[in-house]
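Fold and geometry: a report
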There are 2 protein chains.
Amino acid sequence: MERTMETLKELIRAGRGKIPAHKVIKGGQLVNVMSSEVYPADIAIYKDTIVAVGDVEDYIGPETEMIDAKGYYLTPGMIDGHIHSECSKLSITSYAKAVVPRGTTSMISGLDEYIAVSGLEGLREVMDEVKKSPLKVFWGAPYKTPYTIPQSTVSFNFTKEVHAEVQKWPECFGVWETVREFLQEEDEDTLGAIAEAFRNRLPVFGCAPMAVGNDLNGYLCGGVRLDHESYTHEEVVEKMRKGMHMLIRESSVTHFLQENIKAVTEVNPAFARRVSFCTDDVKASDVLEKGHLDNVVRLAIRAGVEPMTAIQMATINSAEAYRIDHLVGSISPGRIADILFVDSMEHFEVKKVMTNGNMVAENHALTYELKAPERSDVLKHTMKCKLTTKEDFEYKVSIANGEADVLAMDVKGPFVRKRRDVVLKVENGIVLPDTEQDVAMVSVLERFGRNGNKSLAFCSGWKLKKGAMASSAAPDDNDLVVMGVSAEDMSVAANYVIEHGGGQVVVADGKILEFLPLPVGGIVSDCEPAEIAKQEQKIDEAVRSLGSDLPDPMMYMFFLPITAIPDYAITDVGPVDYVNLKIFDPILKLTEK
Amino acid sequence: MERTMETLKELIRAGRGKIPAHKVIKGGQLVNVMSSEVYPADIAIYKDTIVAVGDVEDYIGPETEMIDAKGYYLTPGMIDGHIHSECSKLSITSYAKAVVPRGTTSMISGLDEYIAVSGLEGLREVMDEVKKSPLKVFWGAPYKTPYTIPQSTVSFNFTKEVHAEVQKWPECFGVWETVREFLQEEDEDTLGAIAEAFRNRLPVFGCAPMAVGNDLNGYLCGGVRLDHESYTHEEVVEKMRKGMHMLIRESSVTHFLQENIKAVTEVNPAFARRVSFCTDDVKASDVLEKGHLDNVVRLAIRAGVEPMTAIQMATINSAEAYRIDHLVGSISPGRIADILFVDSMEHFEVKKVMTNGNMVAENHALTYELKAPERSDVLKHTMKCKLTTKEDFEYKVSIANGEADVLAMDVKGPFVRKRRDVVLKVENGIVLPDTEQDVAMVSVLERFGRNGNKSLAFCSGWKLKKGAMASSAAPDDNDLVVMGVSAEDMSVAANYVIEHGGGQVVVADGKILEFLPLPVGGIVSDCEPAEIAKQEQKIDEAVRSLGSDLPDPMMYMFFLPITAIPDYAITDVGPVDYVNLKIFDPILKLTEK
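This is a predicted model, so every value here is computed, not measured.

The number of helices and strands found in chain A is 18 helices and 33 strands. For 593 residues, the compact-globule formula gives about 25 Å, and the C-alpha radius of gyration of chain A, at 25 Å, lands near that figure. Each of the three principal axes of chain A carries a C-alpha extent, and together these read 90 × 50 × 45 Å. Taken across its 593 residues, chain A has 68% of its residues classed as buried. Excluding contacts between residues fewer than 6 apart, the proportion of contacts in chain A whose partners are at least 24 apart in sequence is 69%. For chain A, the distance from the average site of its 64 positive side-chain charges to the average site of its 89 negative ones is 2 Å.

In structure tokens, the structure reads:
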């Protein structure tokens, strides 16, 4: 993707047909997303770049490789407009194996969870991994880490001073996921990052679920360009009328397309121009079963969007929203050669994939062996907390025996937690979890060796009858989260993850039921996507064997530290009241008996 | 336009309605170019920024100024997508007086002629002037100065090293007017500027008239984003299919709208999305008579474009092409308050204008007194060449008497010059111009005190019967251009301009017939637009009195140094063969008699 004086000279010559193309794609139907037209056109490619489209006879030399596209529609590679690939538990290399064969050739990402666990050093290592993969990442510098109010602990604090440095990097294309509340609270790092972006003429990417009216106006006055999170199509309509680009999110957890797309299909087709797609976080199993952005395009077509329009939403619209349309998003001279061979515009089955000028995938699989790079200690050794004891997970109070009125965080969905008041027994100075009342303990342990923080609180909704579970993958901080109804098992679970360098574990009666290793940063694995899908399935079954009937009990747990989810959360500094953005005391009253 | 942490805080508060708006525009019909909708909406403005659109009751405080918009359509201020305002001979201040009342509130410009005559020092001075004017300039750093091949002389050479510095300036929004031939010739400064822009994620603005096929492909491989110069709508179509943004040029000299717009009205309405307008160079008299971009919008509507689409072309489309849509181009929260009060969408008569949150114009005139700033010596003293003598304009050859076969540059239009072979008399070792055959002398004198270069050649088409004319305003170099059929008068003309600090002059029989002073950089004046229009008219009449019947003989002359115009040009280094991009000898043969 680099353009130096030397590569420019080469490309200009190649573009003029003065040196032959390396590859020519012949006989396909060009899906021209710039002109909304479909017509036969051949494509000449030099190295990683499209150098000519149309009649390319002049570009064919004796060494030019001819690629037959008869019977295929040729579309640009798709762009995921907002994704934390880390949530899939797949390393960049493994994630590319999952999504590139489905036609996702670029993604916009903050790589923010790598940063949370390994700082800029780890980030640079991951950026090098990206360069060796068939997947491109357009990086947005996280507006800050941690994202939490009150501030929790991560391995690296992304501040406005860091922005002053990294926004100069050529890999940086904007400011990532700027959460509304931080503008509203006039957070210094956030405003500093935005002011820096303004100076560098970089777009500010947003995150403003349910922002409407004056709140939305205030947010837009902060200079945010786009958003990827709207709950209703009315919200989409208001945001777009007020000048935002909108990404419709269709993730493994939240399915917004069907509702959001009504802004286009029911309210005003003119909105289509600035609508694009993102998947935010996906599970490997979902990609393997349903596909990735290809599935989103099909869903949009099924919802009544014209195939050309849906394809534009997955390609050029994203590219324009993020101001990367000079590089990707269309099949035009000078753009990177990311090209999909599709069966038909209506069915949109991605048959073959070219990225960076190389044919890399066919029939939903890479056509070559892609190996993960060797990992340095920066990414391998991130579990830096001390081993725990059962006492760490016992909630001690000032009375010996009696009752405690407790505020338990009651999970009502992946992104909603409500207050639930319960009365728990106090025995020997310890407030006990209660399987009958569906109240478990939850703890977050700072794991980067920075301060040894530990928190402990009460939660409800998991219906655990016994045992415990733990995860070092827990966006956005990725501290170690432990939940259970047995302090012993919680300690066993935590220690197992710590000793094994990161992962997810399920424990009962002191025994390991299942372990999913996440050796890279404690958050992702270099396993094949199918292998991770299988391991996730096993973890899920193990938690179910403890009694839980949530759709994804492990995930519901590891999302608990996200303070941007109403009404409650828990980080390493304690349980958080989201509405007031303050640490709260879960003990409401103690009654000695 | 600056966004610091402090201004961001203020704006966010104002956006949330926590501090009252300074102004509220009430009762108008919002022309929402983002959603292609028209509906009633009020607008709250804080300082120079739109903070709320829609129901803005919450934003009204006791001090809020209410502006009645009943009966008006409210559109965003218009953006001229490519303009050398210097060509109007009006300083920024005077130019703003002409175009802002017509609804042009932003322009994309290289300010390249200021740079040619006064370097970065003069540029900074003009940028300061811009900040005090109601007109915004989004500056593109000229890909290089001079633009000529072979290289001529200007006061300041814009090199790739200069780009490395200025592209960091917050005022810089891209690379200005990158001419195709310089990419094709693999010019080091040009490629260096582009590579630098790539690193800085800045768009590269183009200039590629008549580029099609492989030439166009090669150009696009150089990373150019947009173009403002297409002769036919087929050229527009090809460029757009290949991924370019297109600006349709409707200047005082060339009228491309009617032909170019067919790409939208006859070929494919989908092209409209990336079409916008520019005026490139305009005469004061034209703006006063016909208007500016408002006129272009009306022309587009008359050519069959929907009013909403035409307004989008003049506003948001330009903003998106240049990636300044976060600042201007729509009436949305967070954007600069540039708002036009228009009588109707169909007639598109601009009645009132707000820029930067201030009501500045009504009924085609500014509503306040705008004074030009004091000019420093950098801009006032740019005529640094020595006085001339008549010998400077005598073409000397190696024979005493006889005939010379001469290649005269024959003007066939403002942007076409063809070869014309003529036989001229040689007397006393001098080749004589010939009024009977319509052959005059033309000379370009370097005027920045750098090397004292002078060139001399023959031209045809002006039909001068006597006298001479000279101009220190002569894009793009703005060296001193002198034309005449009398060496004495040429010297008088040149010396008058030199002694008066720049301007245009017409001379006959040793006498000054007319003089138009251009004291700022020798290229522009702080006069009122109407005054300049009158002076231009007088200059024109004076040249006509010498015999010329060209549409604008002075302009046809001062365009002669532009080497990007086929087939011939003349700069201070000599007459140039454009096709081979080489200096040529106008003397084809000498015959002694």
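On to the interface of chain A and chain B. Chain A puts 72 residues into the contact, and the matching count from chain B is 73 residues. A combined buried area of about 6200 Å² lies between chain A and chain B, and 51% of that area is made up of carbon and sulfur atoms. The tally of links from chain A across to chain B stands at 14 salt bridges. Measuring nitrogen to oxygen at the nearest pair gives 2.6 Å for the salt bridge that ties Glu37 of chain B to Arg241 of chain A. At the junction of chain A and chain B, the tally comes to 43 residue pairs in polar contact (both at pLDDT 80 or more). Tallied by class, residues from the side of chain A that touches chain B come to 31 nonpolar, 19 polar and 22 charged.

Residue and element names in this part refer to chain A. Looking at the secondary structure, you find Ser251 in the loop between strand S14 (245–249) and helix H9 (257–260). It is 31 Å that separates the C-alpha atoms of Ser251 and Gln29, two residues lying 222 residues apart in sequence. The contact partners of Ser251, leaving out residues within four places of it in the chain, are Thr279, Asp280 and Asp281.

All names here are of chain A. Inspection of the secondary structure assignment puts Asp540 in helix H17 (residues 529–545). Within the structure, Asp540 has its side chain in polar contact with the side chain of Arg544 (distance 2.9 Å). Ignoring anything within four residues of it in the chain, the contact list for Asp540 reads Pro551, Asp552 and Pro553.

Let us now look at the relation of the copies chain A and chain B. Here two copies of a chain appear, and what relates them is a rotation about an axis with a shift along it. The transform that puts chain A on chain B rotates by 180° and translates by 0.0 Å along the axis, for an RMSD of 0.1 Å. Classification of the inter-copy transformation places it as that of a two-fold axis. For chain A, the smallest separation between a C-alpha atom and the rotation axis is recorded for Arg323 of chain A, amounting to 3.7 Å. The overlap is high: 100% of the interface residues of chain A also sit at the interface in chain B, so the same surface is used on both sides.

In this section: helix H16 (residues 487–499) of chain A. Residues and elements named next belong to chain A. The end-to-end C-alpha distance of H16, which contains 13 residues, comes to 18 Å, matching closely the 18 Å that a straight helix rising 1.5 Å per residue would cover. Buried within H16 are the following residues: Ala487, Asp489, Met490, Ser491, Ala493, Ala494, Asn495, Val497 and Ile498. On the buried face of H16, the contacting elements are strand S24 (439–445), strand S26 (468–471), strand S27 (480–484) and strand S28 (503–508). Positive phi shows up at Gly501, right after H16, with a value of about 75°.

Next up on the list: unusual backbone geometry. Following Pro475 of chain A, the chain continues to Asp476 of chain A via a peptide bond in cis, the omega torsion being 5°. Here Asp476 of chain A is to be found in the loop between S26 and S27. A cis amide bond, omega -10°, links Ile149 of chain B with the succeeding residue Pro150 of chain B. Non-glycine residue Lys463 of chain B carries a positive phi angle of around 55°. Relative to the helices and strands, Lys463 of chain B is located in the loop between strand S25 (454–460) and strand S26 (468–471). We classify Lys463 of chain B as partly exposed; its relative accessible area is 39%.

With that out of the way, let us pick up the confidence of the model for chain A. The predicted model of chain A averages 97 in pLDDT, with 100% of residues at 70 or higher. As scored by the predictor, the complex reaches a pTM of 0.96 and an ipTM of 0.95.

Of the positions making up helix H1 (residues 5–15) of chain B, those classed as buried are Met5, Leu8, Lys9, Leu11, Ile12, Ala14 and Gly15 of chain B. The inward-facing, buried residues of H1 of chain B contact helix H4 (160–166), helix H5 (180–184), helix H6 (188–199) and helix H7 (213–221) of chain A together with strand S4 (42–46) and strand S5 (49–54) of chain B. Positive phi shows up at Gly17 of chain B, right after H1 of chain B, with a value of about 80°.

Packing of H6 of chain A against H1 of chain B leaves a shortest axis separation of 9 Å and a crossing angle of 110°. Taken together, the axes of H6 of chain A and H1 of chain B are roughly perpendicular relative to one another. Contact residues: Glu188, Leu191, Gly192, Ile194 and Ala195 of chain A in H6 of chain A; Met5, Leu8, Lys9 and Ile12 of chain B in H1 of chain B. Here the contact of H6 of chain A with H1 of chain B is built from residues that sort into six nonpolar, one polar and two charged.

Quick look at the pattern of salt bridges now. This structure, assessed with the given rule, holds 88 salt bridges over all chains. A salt bridge links Lys390 of chain A to Glu394 of chain A; the shortest N-O distance between them is 2.8 Å. Of the residues examined, Lys390 of chain A reaches a relative accessible area of 31% and is grouped as partly exposed. Residues joined in a network through salt bridges with shared partners are Glu6 and Lys9 of chain A together with Glu188 of chain B.

Residue and element names in this part refer to chain A. Two numbers describe how helix H12 (residues 293–302) lies on helix H13 (residues 307–314): the axes approach to 9 Å, and their chain directions differ by 145°. Where H12 crosses over H13, the handedness of that crossing is right-handed. Together, Val297, Ala300 and Ile301 of H12 and Pro307, Ala310, Ile311 and Ala314 of H13 make up the contact between the two elements. Among the residues making up the contact of H12 with H13, the classes are represented as seven nonpolar, no polar and no charged.

What follows deals with the packing of aromatic side chains. Applying the stated criterion across every chain yields a total of 28 aromatic pairs over all chains. Of note, Arg241 of chain A hangs over the ring of Tyr39 of chain B, and the distance from its end group to the ring centre comes to 5.6 Å.

What follows deals with the nonpolar core. Counting 159 residues, the largest nonpolar core has Leu111, Trp139, Phe277, Trp462 and Met483 of chain B as its most contacted members. Counting residues per element, this core draws most heavily on helix H3 (residues 112–131) of chain B, at eight residues. Aside from chain neighbours lying at most four places away, what touches Leu111 of chain B is Glu86, Ile92, Leu123, Val126, Met127, Val137 and Trp139 of chain B. Tyr95, Val130 and Phe182 of chain A together with Leu8 of chain B belong to the second-largest nonpolar core, a separate cluster that totals 158 residues.

Take the sheet that holds S4 of chain B next. Residues and elements named next belong to chain B. Taken together, the four strands give an open sheet; going across it, the order is S5-S4-S1-S6, and neighbouring strands pair in mixed fashion. Strands with a single pairing partner mark the edges of an open sheet, and in this sheet they are S5 and strand S6 (65–68). This sheet shows a mean twist of 20° between the axes of neighbouring strands, independent of strand direction. Two strands pair when backbone bridges link them, and strand S1 (residues 23–26) and S4 are joined in this way by three bridges, in the antiparallel orientation.

What follows deals with the sheet that holds strand S31 (residues 574–577) of chain A. Residue and element names in this part refer to chain A. With antiparallel pairing, the three strands of this open sheet are ordered in space as S30-S31-S32. At either margin of the open sheet sits one strand with a lone partner, and together these are strand S30 (568–571) and strand S32 (582–583). As judged from the four bridges shared by S30 and S31, these two strands associate in the antiparallel manner. Residue Thr571 lies in a different strand from S31, and its bridge partner there is Gly574.

Scoring rules and cut-offs
- Residues numbered from 1 in each chain as written.
- Chains lettered and ligands numbered in written order.
- Predicted model: local features only at pLDDT ≥ 70, side-chain atom pairs only at ≥ 80, totals over all residues.
- Heavy atoms only, no water.
- Helix = DSSP H or I, 4+ residues; strand = E, 2+ residues; numbered from the N terminus.
- Rg over C-alpha atoms; globule rule 2.2 N^0.38 Å.
- Buried < 20%, exposed > 50% of the residue type's maximum accessible area, 1.4 Å probe, protein only.
- Contact = heavy atoms within 4.5 Å.
- Lys, Arg positive; Asp, Glu negative; His and termini not counted.
- Charge placed at Lys NZ, Arg CZ, Asp CG, Glu CD.
- Buried area = accessible area lost by both parts, 1.4 Å probe.
- Salt bridge = Lys/Arg side-chain N within 4 Å of Asp/Glu carboxyl O.
- Polar contact = N/O pair within 3.5 Å; in protein donor to acceptor, adjacent residues only side chain to side chain.
- Nonpolar A, V, L, I, M, F, W, Y, C, P; charged D, E, K, R; others polar.
- Least-squares fit on C-alpha atoms with pLDDT ≥ 70 in both.
- Expected span 1.5 Å × (residues − 1).
- pLDDT = per-residue confidence, 0-100.
- Axes fitted to C-alpha atoms, helices over the stretch in contact; angles between N-to-C directions.
- Parallel < 35°, antiparallel > 145°, perpendicular 65-115°, else oblique.
- Left-handed = near helix turned anticlockwise from the far one by under 90°.
- Phe/Tyr/Trp six-rings, centres within 6.5 Å; stacked < 30°, edge-to-face > 60°.
- Lys NZ or Arg CZ within 6 Å of the ring centre and 35° of its normal.
- Core = buried A, V, L, I, M, F, W, Y, C linked by side-chain atoms within 4.5 Å.
- Pairing = 2+ DSSP bridges.

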